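Chains, contacts and geometry: an overview
Single-letter residue listing:
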Amino acid sequence: MNQDFMKTKPIFPLVLSMSLPMMLSMLINSLYNIIDSMFVARIGEDALTAVSLVYPLQTLVVSISVGFGVGINAAVAFFLGAGAKENADRSAAQGLLLSLLHGALLSVGGFLCIPYFLPLFTSDARILDWGMEYAYIVLSFSMVITVQIAFEKIYQAVGNMLVPMVCMAAGCITNIILDPGFIFGLGPIPRLEVKGAAIATVIGQVVTLILYLIWYFCKDMGLSLGRRNMKLTGEICGKLYTVGVPCSLTMGLPSLLITVLNGFAAAFSPVYILILGVYFKLQSFIYLPANGIVQGMRPILSYNYGAGEKKRMRRIIQICSVMILVIMAAGMLLFLLAPGIIMKLFTADVVTVREGSAALRIISLGFVVSGVSVICSGALEALGKGFASFLISLLRYLALIVPAAWLGIQIAGVTGIWTAFPVAEFLTAIAAAVIFAVIYHKNVSSIPS
């Protein structure tokens, strides 16, 4: 497959063609998260709380998978742009093998962690039973997640966004269709409640991976993932982990943030744990489409970086920045104008709806400015500067928001948790702009025209 179109096709149509399929698949994925939570909420607030407590562990598995996948994506796209096809093959094949190993380690680690993790946030026996039941099932399939995400990033690196979109959408739609049957019972399927939600989730993930395998074996993707290229080498592994490790840490920070904030919220009431769980599912509806643009941008930017096309790089970043800021502005308006309607999708409790609506309004004030951090992090990953991207996320998800939440609690009680979100986003955006400007000038502006 010839990827020259990434440095010859007009930029705006190129960005749209690469980003729109990923935006659509991310929207479907976020809708799946929301609908899945809505079905679980019909069992009761305790069930939704149990699933919300497991959510950081699920997010951690996905974060590590996506983070390392970004390393694969950046390496493959860079080598293709530089005309080093054999190194691109090795990067993809070795990345796939390492992803399989990561999945096995994540499953084992998850099993060991579950009995100690969930009791940190609740002593309610029913919530603990449901949470452990759900966690053991979903974490058993970590290898499926790591491998399917590796395939996703490899296909994106060669400029094929259609395959990831179809595979991801098929898995999410399968999950949505199966959810009510497995949760509430249908025909020969018994009522499985929270366990049913977990089973529907892993079946959807397996469907996605099977489609990737069918596509790979039936149609040439432009790269060779054969056993010969899977022999691990220091050069390629170093390239993968240089971006993959910082990016995995970056992607894993939200899991740590959710865990810390759940601990803060638990001191007030389980209601606030539920609200945080609902928020983090809802915000995916905003941030995942923005991430879809970043995923479309990243291989184009890496390819043109390898090819030395600095003018195209600048224009790519400008166009993607505008698209992301528009999405974040739309999300802010949605949360400001209709928070009550949104919360009622998950609970009928008047107090929970009132408190949740106030939280969504306050948190959404940081959405637009957070777009600066999102675009800077994605562009830095495309340039192979994974540590700089991690530094931005460290500020955003830990170093600024946690102290701000703690201080806010001392001043305004639980409202201080919600206020910490926009405060951290504004401060991080300033730091992200400075970090990106310095690195871009040093690594890209010096490229000869």
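Figured I'd write up the structure that's included with this text.

Reading guide: rules and limits
Residues numbered from 1 in each chain as written. Predicted model: local features only at pLDDT ≥ 70, side-chain atom pairs only at ≥ 80, totals over all residues. Heavy atoms only, no water. Helix = DSSP H or I, 4+ residues; strand = E, 2+ residues; numbered from the N terminus. Rg over C-alpha atoms; globule rule 2.2 N^0.38 Å. Buried < 20%, exposed > 50% of the residue type's maximum accessible area, 1.4 Å probe, protein only. Contact = heavy atoms within 4.5 Å. Areas by Shrake-Rupley, 256 points an atom, 1.4 Å probe, with all protein chains shown as cover. Lys, Arg positive; Asp, Glu negative; His and termini not counted. Charge placed at Lys NZ, Arg CZ, Asp CG, Glu CD. Salt bridge = Lys/Arg side-chain N within 4 Å of Asp/Glu carboxyl O. Phe/Tyr/Trp six-rings, centres within 6.5 Å; stacked < 30°, edge-to-face > 60°. Lys NZ or Arg CZ within 6 Å of the ring centre and 35° of its normal.

**Here we look at the overall build of the chain**
From N to C terminus, the chain includes 17 helices and 0 strands. By the compact-globule yardstick of 22 Å for 449 residues, the chain fits well, its C-alpha radius of gyration being 21 Å. Its C-alpha atoms put the chain at 60 × 50 × 35 Å along the principal axes. Burial analysis of the chain (449 residues in total) assigns 59% to the buried set. Considering only intrachain contacts with a sequence separation of at least 6, the fraction spanning at least 24 residues in the chain is 82%. A total accessible area of about 17200 Å² is found for the chain, and carbon and sulfur atoms account for 71% of it. Both charge centroids of the chain, one from 27 positive and one from 19 negative side chains, sit 12 Å from each other.

**Brief notes about the side chain of Asp179**
Note on placement: Asp179 falls in helix H7 (residues 162-184). Salt bridges are absent for the buried Asp179, whose nearest opposite-charge side chain, Lys281, sits at 9.3 Å. Setting aside residues up to four positions removed in sequence, Asp179 forms contacts with Asp36, Phe39, Ala197 and Ala200.

**Overview of the packing of aromatic side chains**
With the rule as written, the count across this model stands at 19 aromatic pairs. Here the aromatic rings of Tyr287 and Phe367 are separated by 5.7 Å at their centres, their planes lie at 80°, and the arrangement is edge-to-face. Here Tyr287 is found in helix H10 (residues 270-307), whereas its partner Phe367 is found in helix H14 (residues 367-382), with 80 residues between them in sequence. Take Tyr287 and Phe367: they sit in the same class, and that class is buried. Grouped by ring-pair contacts, the aromatic residues Phe151, Tyr155, Tyr212, Tyr216 and Phe217 constitute a single cluster. The aromatic ring of Phe78 is capped on one face by Lys239, whose charged end is 4.2 Å from the ring centroid. Just above the ring of Phe79 sits the side chain of Lys239; from NZ or CZ to the centre is 5.5 Å.

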